[in-house]
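Reading the structure
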Amino acid sequence: MSDTGRTHTDEQTADEAAEFEQLDCSAVIADVWLLLDDECDPRARERLQSHLDGCSSCLEHYGIESQLKSLISRKCGGDQAPSGLRDRLTLEIRKTVIGRAVEG
């Protein structure tokens, strides 16, 4: 233990938490699709939203990405994959799962 009574692991955890809370714009922009697709946990969502609320540049980028996602959904939402694609993908997934089971 250090003089302050904290272990090295505690210090690392505190440093990681501080880094997690302080986002730079590149991290927000990298994660904007996670936010748009609702694929992040509530804490990450809150952290990203907090940054967006205070950063006009990132908010603008978020808005552009949101509009792009909406456009893609409108223009490509009704497209269907070729009929045999689902069967081929299912077969490949089964091969992979079985192969991993045999290896494991």
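Higher on the page you've got the structure.
Definitions and cut-offs
- Residues numbered from 1 in each chain as written.
- Predicted model: local features only at pLDDT ≥ 70, side-chain atom pairs only at ≥ 80, totals over all residues.
- Heavy atoms only, no water.
- Helix = DSSP H or I, 4+ residues; strand = E, 2+ residues; numbered from the N terminus.
- Buried < 20%, exposed > 50% of the residue type's maximum accessible area, 1.4 Å probe, protein only.
- Contact = heavy atoms within 4.5 Å.
- Areas by Shrake-Rupley, 256 points an atom, 1.4 Å probe, with all protein chains shown as cover.
- Expected span 1.5 Å × (residues − 1).
- Patch = residues over 30% accessible without salt bridge, like charges linked within 9 Å, V, L, I, M, F, W, Y side chains within 5 Å.
- Salt bridge = Lys/Arg side-chain N within 4 Å of Asp/Glu carboxyl O.

A separate point is the overall build of the chain. A count of helices and strands for the chain gives five helices and zero strands. Going from N to C terminus, the chain has its helices and strands arranged as α-α-α-α-α. Taken across its 104 residues, the chain has 13% of its residues classed as buried. For the chain, long-range pairs separated by at least 24 residues make up 58% of all intrachain contacts whose partners lie at least 6 apart in sequence. Here the chain has roughly 8400 Å² of accessible surface; of this, 52% comes from carbon and sulfur atoms.

Think of an α-helix as 3.6 residues a turn; residues three or four steps apart then line up on the same face. End to end, helix α5 (residues 83-103) covers 32 Å across 21 residues, agreeing with the expected 30 Å (1.5 Å per residue, within 8%). Burial of α5 is sparse: only zero of the 21 residues sit out of reach of the surface.

What follows covers a nonpolar patch on the surface. A cluster of nonpolar side chains, Trp33, Leu68, Leu71 and Ile72, forms an exposed patch at the surface whose accessible area comes to about 320 Å². Considering the arrangement of structural elements, one finds Trp33 in helix α2 (residues 25-36). Classification of Trp33 by relative accessible area gives partly exposed; the value is 30%.

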